[in-house]
Structure formats: structure tokens, C-alpha cells
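Survey of secondary and tertiary structure
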Amino acid sequence: MQLYKLSDKQKIIAIVVLAGIACASMLLVQLPQTAKGAHMWTAESIPVAQPAKPMMHAKAEMPSSPVIQTPQLAASKMIPTTADLKSWQMGDVKAATPKIPLSEKISNYAIVQLEQHPAQLPLMGQQIQLPMLNGQSVVANVESTTKNPNGDYSWSGHLEGYGTDYPVVMTYGEHSIFATITTPEGSYTMESTDGLGWLYKNPAEVELSNPGAKDFLDVTEAR
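We now turn to the structure provided with this report. Small disclaimer: the values here were computed from a predicted structure and weren't measured.

There is a patch of nonpolar side chains on the surface, built from Ile-13, Val-17, Leu-18 and Ile-21 and spanning about 380 Å² of accessible area. With respect to the helices and strands, Leu-18 occurs in helix α1 (residues 8-35). Given a relative accessible area of 59%, Leu-18 falls into the exposed group.

Below, the structure written as C-alpha cells:
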């Protein structure tokens, strides 16, 4: 095997070539690392989840929705849902038959029970509840009261919610109580004796009259 001795010029060229190869090798090694750098995290660059800030003031900062009061709602608050007093109550199945005779022309009626001498009589400005037939109930405004010479006590007023269209009158006597109630469905009468009586719808005028019969009194002229 024959060995050749390199000249100084050849040595310099060889060193330069080797240096170039070394640099190229280093670039080839660092290039993949640089490409992967977007996916590699250092200890300083690892993201740490920050604790969520409490939203204690979120509710206070949100504007509250304004409350819109409709005319129907405002009007309903002006009408009392309960009356100051109750007039009578509907008789139960064990209630006795009232002593007052009931006309055969009356077809819609019910037995009622009430206190003959209530502890508190209706006063002007109060409201009184009046149970009606078929489970209905109305409220009357007491607008005036009267103490009669014979001791009877009366109050008069109108049905709540209808102005002065439907009058109501109720009288308390020593042994009897009498009331007339006008409603949009017709007029009613309540009459009782010693705390037991009838509530009935008044028959129409045509039912109370006999066709062709005189419904007036003859007045004889005085001579």
C-alpha cells in the first residue's frame, strides 16, 4: 500500500471541507428540532390554567328588567278579594225546611242559614259577601244604613264592580231577615225566620201574571 503525503495546500482544503461537512451536519440535526419547536414546551412556556374569577358581581351588574304593570293588573288590585262580612251560608244536606212557604212559581232556590242577631251588623263603607245559587258569590258595597223606629236595621248599597247598576237592600228584624239582590243574571230574594230561610231567583214578571187578568186595584171614588 503506497501512502501519499499531502501538501500544505491540500491539508487546508481538507480542513475546509471537513469544517463544511461538520456545519452541514449540525444544521441537519437542528432543523427537525426547529420544525418541532412549535409543539415542544419548555418549563417556562408550559401554560398554567388560571383559576376562574368569581362572578360575585355579575348579578349586580346586570340591569334588572322593568316591571310593567298592565291596566288590568292595576285594576284587579283595587278590587278586594275578600269582603269584610258574610251575610249567610248555603244550607247543608241536614238543614231543616224553612217555615216560610215557597211559591210554586219559584223553580230556582236553595236553603240558607244565618245568624238572626249577628254580633256585627254591616256598617257604611264596608263590604259584605252574598253567596248565590250554583256556588257563585257576589260582593256588595254598603253605602247607607238605617235604624227604623220599630228596631229593624237596614243597609243598602250596590253590587261591587258595576257602579250603581245593581242595588242591594237587606233588613234585619226581630225574628226575620229579608234581602233583595239585583245582578246581571236577574234579581234574587232572601227571606228567613229565626236563622233559616230561602234564597231564590225571582220569577220573570210574565210568570207572575195571568194572561187577561187585571193586575191593578180598582179605586172607588168617594161620594
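Anyway, onward from the coordinates.
This brings us to the nonpolar core. Counting residues in hydrophobic clusters, the biggest one holds 24 residues, and the most contacted among them are Trp-88, Ile-128, Leu-130, Trp-155, Met-170, Ile-181 and Met-190. Contributions of two or more residues to this core are made by β3 (109-113), β4 (127-131), β5 (137-147), β6 (153-159), β7 (167-172), β8 (176-183) and β9 (186-193). Contacts of Ile-128, omitting those with residues within four sequence positions, involve Ala-83, Leu-85, Lys-86, Ser-87, Pro-122, Val-138, Val-139, Ala-140, Val-142, Trp-155 and Tyr-172.

This next bit is on the side chain of Ser-154. Positionally, Ser-154 belongs in strand β6. Looking at Ser-154, its side chain comes within polar contact range of the side chain of Thr-171, at 2.8 Å. With residues near it in sequence (within four places) discarded, Ser-154 still touches Ser-144, Thr-145, Thr-146, Asn-148, Met-170 and Thr-171.

Read from one edge to the other, the open sheet built from ten strands follows the order β1-β4-β5-β6-β7-β8-β9-β10-β3-β2, with strand pairing classed as mixed. What marks the edges here is a single partner per strand, and that holds for β1 (85-86) and β2 (89-90). As judged from the six bridges shared by β9 and strand β10 (residues 196-201), these two strands associate in the antiparallel manner. Bridging from a neighbouring strand, Thr-189 pairs with Tyr-200 of β10.

What follows is about unusual backbone geometry. One non-glycine residue with positive phi stands out, namely Asn-134, at about 60°. Examined against the element boundaries, Asn-134 turns out to sit in the loop between β4 and β5. The exposure class of Asn-134 is exposed, given its relative accessible area of 70%. Here Asp-194, not a glycine, exhibits a phi torsion of approximately 55°, which is positive.

Thresholds applied
- Residues numbered from 1 in each chain as written.
- Predicted model: local features only at pLDDT ≥ 70, side-chain atom pairs only at ≥ 80, totals over all residues.
- Heavy atoms only, no water.
- Patch = residues over 30% accessible without salt bridge, like charges linked within 9 Å, V, L, I, M, F, W, Y side chains within 5 Å.
- Areas by Shrake-Rupley, 256 points an atom, 1.4 Å probe, with all protein chains shown as cover.
- Salt bridge = Lys/Arg side-chain N within 4 Å of Asp/Glu carboxyl O.
- Helix = DSSP H or I, 4+ residues; strand = E, 2+ residues; numbered from the N terminus.
- Buried < 20%, exposed > 50% of the residue type's maximum accessible area, 1.4 Å probe, protein only.
- Core = buried A, V, L, I, M, F, W, Y, C linked by side-chain atoms within 4.5 Å.
- Contact = heavy atoms within 4.5 Å.
- Polar contact = N/O pair within 3.5 Å; in protein donor to acceptor, adjacent residues only side chain to side chain.
- Pairing = 2+ DSSP bridges.

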